[in-house]
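Working through the structure, step by step
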2 protein chains.
Amino acid sequence: MYMNQKDELCLNKLRAIRDTLEVIQGKWRIPIVIALTFGNKRFGELQRDIVDISPKMLSQELKALEMNRIITRTLYDSMPVAVEYSLTPLGLSMRKLLDEILNWGTHFREEILENRQP
Amino acid sequence: MYMNQKDELCLNKLRAIRDTLEVIQGKWRIPIVIALTFGNKRFGELQRDIVDISPKMLSQELKALEMNRIITRTLYDSMPVAVEYSLTPLGLSMRKLLDEILNWGTHFREEILENRQP
DNA sequence: TATAGTAGTTACCCTAAGGTAAGTGGTTAC
DNA sequence: GTAACCACTTACCTTAGGGTAACTACTATA
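Described below are features of the structure shown in this document. (Residues numbered from 1 in each chain as written. Chains lettered and ligands numbered in written order. Predicted model: local features only at pLDDT ≥ 70, side-chain atom pairs only at ≥ 80, totals over all residues.)

A closer look at the sheet that holds strand 3 (residues 82-87) of chain A
Residue and element names in this part refer to chain A.
- With respect to topology, three strands assemble into an open sheet ordered 1-3-2, the strand pairing being antiparallel. Edge positions in the sheet fall to strand 1 (41-42) and strand 2 (71-76), since each of these pairs with one other strand and no more.
- Pairing between strand 1 and strand 3: two bridges, direction antiparallel. Considered in strand 3, the bridge of lysine 41 is made with tyrosine 85.
- Strands strand 1, strand 2 and strand 3 of the sheet are contacted by helix 2 (residues 29-37), whose axis makes an angle of about 95° with strand 3.
- Sitting on the sheet, helix 4 (residues 55-67) is in contact with strand 2 and strand 3, with an inclination near 110° to strand 2. (Pairing = 2+ DSSP bridges. Helix = DSSP H or I, 4+ residues; strand = E, 2+ residues; numbered from the N terminus. Contact = placed C-beta atoms within 7 Å. Axes fitted to C-alpha atoms, helices over the stretch in contact; angles between N-to-C directions.)

Some points on the interface of chain B and chain A
- Listed as interface residues are 27 residues of chain B and, on the opposing side, 27 residues of chain A.
- Counting residues per element, the ones that place at least two in the side of chain B that touches chain A are helix 1 (5-24), helix 2 (29-37) and helix 6 (95-116) of chain B.
- Examining the composition of the side of chain B that touches chain A, we find that 13 residues originate from one element, helix 6 of chain B, more than from any other.
- Its residues assigned to classes, the side of chain B that touches chain A shows 14 nonpolar, six polar and seven charged. (Nonpolar A, V, L, I, M, F, W, Y, C, P; charged D, E, K, R; others polar.)

What about the sheet that holds strand 3 (residues 82-87) of chain B?
Residues and elements named next belong to chain B.
- Judged by pairing direction, the sheet is antiparallel, and its three strands sit side by side in the order 1-3-2 without closing on themselves. Here the strands that pair on one side only, and so sit at the sheet edges, are strand 1 (41-42) and strand 2 (71-76).
- Relative to strand 3, helix 2 is tilted by about 95°, and along the sheet it contacts strand 1, strand 2 and strand 3.

So, the protein's contact with DNA strand C
- The full set close to DNA strand C counts 18 residues, and Arg42, Gly44 and Pro55 of chain A together with Gly26 and Met79 of chain B are the nearest of them.
- Within the residue set of the surface near DNA strand C, elements represented by two or more residues are helix 3 (43-49), helix 4 and strand 3 of chain A together with helix 4 (55-67) of chain B. (Near = placed C-beta within 6 Å.)

Quick notes on the relation of the copies chain B and chain A
- Between chain B and chain A, the superposition needs a rotation of 180° and an axial shift of 0.0 Å, giving an RMSD of 0.0 Å. Here the copies are linked by what is in effect a two-fold axis.
- When the interface residues of chain B are mapped onto chain A, 100% of them again lie at the interface, so the same face is used by both copies. (Least-squares fit on C-alpha atoms with pLDDT ≥ 70 in both.)

As for the nonpolar core
- If you look at the biggest cluster of nonpolar residues, it comprises 41 residues, and the most contacted ones within it are Ile32 of chain A together with Ile32 of chain B.
- Of all the secondary-structure elements, those providing two or more residues to this core are helix 1 (5-24), helix 2, helix 4 and helix 6 (95-116) of chain A together with helix 1, helix 2, helix 4 and helix 6 of chain B.
- Setting aside its immediate chain neighbours within four residues, isoleucine 32 of chain B contacts Leu46, Ile50, Glu61, Leu62 and Leu65 of chain B. (Core = buried A, V, L, I, M, F, W, Y, C linked by C-beta atoms within 7 Å. Buried ≥ 20, exposed ≤ 12 C-beta atoms within 10 Å, placed from the backbone.)

Examining unusual backbone geometry
Residues and elements named next belong to chain A.
- Phi is positive for aspartate 52, which is not a glycine, with a value near 80°.
- Inspection of the secondary structure puts aspartate 52 in the loop between helix 3 and helix 4.
- The exposed category is assigned to aspartate 52, around which 9 C-beta atoms lie within 10 Å.
- Even without glycine at this site, arginine 69 takes up a positive phi of about 60°.
- In this structure, arginine 69 sits in the loop between helix 4 and strand 2.

Some remarks on helix 2 of chain A
- Along helix 2 of chain A, the residues that are buried comprise Arg29, Ile30, Pro31, Ile32, Val33 and Leu36 of chain A.
- Immediately beyond the C-terminal end of helix 2 of chain A, within one or two residues, lies glycine 39 of chain A, with a positive phi of roughly 130°.

Observations regarding the protein's contact with DNA strand D
- Taken together, 18 residues lie near DNA strand D, and Gly26 of chain A together with Arg42, Gly44, Pro55 and Val83 of chain B sit nearest.
- Sorting the residues of the surface near DNA strand D by element identifies helix 4 of chain A together with helix 3 (43-49), helix 4 and strand 3 of chain B as the ones contributing at least two each.
- Looking at the surface near DNA strand D, its residues break down into 10 nonpolar, four polar and four charged.

Here's the deal with the pairing of strand 2 of chain B
Residues and elements named next belong to chain B.
- Taken together, the six bridges between strand 2 and strand 3 define a ladder with antiparallel strand orientation. Among the inter-strand pairings, isoleucine 71 is bridged to a residue of strand 3, identified as leucine 87.
- Count of turn residues in the strand 2/strand 3 antiparallel hairpin: five residues.

Next up, the structure:
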């Protein structure tokens, strides 16, 4: 069986979409990225900024974001030890995507609320 | 404790983001929406277009999308019974969002592959 | 010496997401 | 009459995501 161009294009699109979703999916990754758009932060700062996140989830999601090259972990060999997290260029490139997610979410809520009480 | 404007703005943003993620999250919702951007489709057509989706998942996700007013289900009282799914204006308004998800996914893949063999 | 802050880790648990396989009730074509 | 298409539904199972609580190892301060 041969694949035509349309099928191949479609598969590429779905793959790109899955890639994005894999990176942004979950409860905490976008909040972490957004927190870091306000500047580099340390583990404790992130924990205080992102209300309700546990150290386990924060640590786990930071590792995943680092593996995906969205953030960088910098260890300062000071006493006591300090760790700083920051966005990579790839992380910064999520700006437009995050804006669209935000915009559509706002639009969605307006539409739903609007149409609930006509 | 009072909340300042910055905190409130941040909470609104996170809520909007959670709203969007709730709608697009999961393995099948975006593929379904994308399939419907090519035109109205019937259950069986969707099942054939979206490779690997089971009737259970398709039915389940269609219901969720309908509840979120992203798609409409139209029953034609013909023999045999025909059902057609189509995007609502709200569903159509996801275009830019989907484009950004697609764009960033493509960019992400390029960056990752690029940096793997420098 | 006890307390708090640095940055996490580990063990355990529960729920939700998703997959598999089979069945349902109707119609139409062979 | 039986096979196949339409649009699903149901029961069952496995895995992944996420939560809680306690613990680690080190340092600084009262």
